[in-house]
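# Notes for the structure review
Residue strings, one per chain:
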Amino acid sequence: EQGIEQGIEQGIEQGIEQGIEQGIEQGIEQGIEQGIEQGERSLVLRLLTRKVGTLSESITAQINALPLTELEALGEALLNFSSLSDLDAWLTEQKQ
């Protein structure tokens, strides 16, 4: 009986350790991904401000709501923008 109890205790301890390790790894990965996305968002907003001028709160909110793939597409598209109306048109096109 003692052997069974020890086996159960060891199994529980190993399970807890593995669970903690997996939780830490997932947390680190999510933190890195969020950091990268925030950095990209910040860069796109700064580039847009330099390219077309000050952005309204409404436009900034629309950009902040974009999924990462669209944000990356905007990062490329902004190279061709010459005015705020180009950005407005691009954002409108994304909604369709």
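Anything mentioned here points back to the structure above.
Residues numbered from 1 in each chain as written. Predicted model: local features only at pLDDT ≥ 70, side-chain atom pairs only at ≥ 80, totals over all residues. Heavy atoms only, no water.

## A word on the overall build of the protein
The helix and strand inventory of the protein stands at four helices and zero strands. Counted from the first residue to the last, the protein has its helices and strands arranged as α-α-α-α. Relative to the compact-globule value of 12 Å for 96 residues, the protein shows a C-alpha radius of gyration of 24 Å, a clear excess of over 25%. With the C-alpha coordinates aligned to their principal axes, the bounding extent of the protein is approximately 80 × 25 × 20 Å. Across the 96 residues of the protein, 18% fall into the buried class. (Helix = DSSP H or I, 4+ residues; strand = E, 2+ residues; numbered from the N terminus. Rg over C-alpha atoms; globule rule 2.2 N^0.38 Å. Buried < 20%, exposed > 50% of the residue type's maximum accessible area, 1.4 Å probe, protein only.)

## Quick notes on a negative patch on the surface
Residues Glu 1, Glu 5, Glu 9, Glu 13, Glu 17, Glu 21, Glu 25, Glu 29 and Glu 33 make up a contiguous surface patch of negative charge. Within the element layout of this structure, Glu 1 appears in the segment before helix H1 (2-52). Glu 1 gets classed as exposed once you look at its relative accessible area, which sits at 80%. (Patch = residues over 30% accessible without salt bridge, like charges linked within 9 Å, V, L, I, M, F, W, Y side chains within 5 Å. Areas by Shrake-Rupley, 256 points an atom, 1.4 Å probe, with all protein chains shown as cover. Salt bridge = Lys/Arg side-chain N within 4 Å of Asp/Glu carboxyl O. Lys, Arg positive; Asp, Glu negative; His and termini not counted. Charge placed at Lys NZ, Arg CZ, Asp CG, Glu CD.)

## Quick word on the packing of H1 against helix H2 (residues 57-64)
Packing of H1 against H2 brings their axes to within 11 Å, and their N-to-C directions diverge by 145 degrees. The two elements H1 and H2 cross, and the hand of that crossing is right-handed. Touching Arg 41, Leu 45 and Leu 48 of H1 are Thr 60, Ile 63 and Asn 64, all from H2. Taken together, the residues that form the contact of H1 with H2 break down as three nonpolar, two polar and one charged. (Axes fitted to C-alpha atoms, helices over the stretch in contact; angles between N-to-C directions. Left-handed = near helix turned anticlockwise from the far one by under 90°. Contact = heavy atoms within 4.5 Å. Nonpolar A, V, L, I, M, F, W, Y, C, P; charged D, E, K, R; others polar.)

## What about the environment of Glu 29?
In this fold, Glu 29 is placed in helix H1. For Glu 29, a relative accessible area of 48% translates into the label partly exposed. As for Glu 29 and Ala 65, which are separated by 36 residues in sequence, their C-alpha atoms are 22 Å apart.

## Side note on helix H3 (residues 68-77)
Of all the residues in H3, the buried ones are Leu 71, Leu 74 and Ala 77. Each buried residue of H3 sits inside an arc of 120 degrees when the element is viewed along its axis, so together they form one side. Pointing more than 90 degrees away from the buried face of H3 are the exposed residues Thr 69 and Glu 76. Residues of H3 that are buried sit in contact with H1, H2 and helix H4 (84-95). (Arc of directions from axis to C-beta.)

## Let's talk about the nonpolar core
Counting residues in each nonpolar core, the largest one holds 16 residues, and the members touching the most others are Leu 48, Leu 55, Ile 63, Leu 74, Phe 81 and Leu 87. Where this core is concerned, the elements lending two or more residues are H1, H2, H3 and H4. Ranked by residues supplied to this core, first place goes to H1 with four residues. (Core = buried A, V, L, I, M, F, W, Y, C linked by side-chain atoms within 4.5 Å.)

## Some remarks on H4
With twelve residues, H4 extends 17 Å between its outermost C-alpha atoms, agreeing within 8% with the 16 Å of an ideal straight helix rising 1.5 Å per residue. Close packing links the buried residues of H4 with H1, H2 and H3. (Expected span 1.5 Å × (residues − 1).)

## Considering a nonpolar patch on the surface
Among the surface-exposed residues, Ile 4, Ile 8, Ile 12, Ile 16, Ile 20, Ile 24, Ile 28, Ile 32 and Ile 36 lie close enough to one another that they form a single nonpolar patch of about 890 Å² accessible area. Relative to the helices and strands, Ile 8 resides in helix H1.

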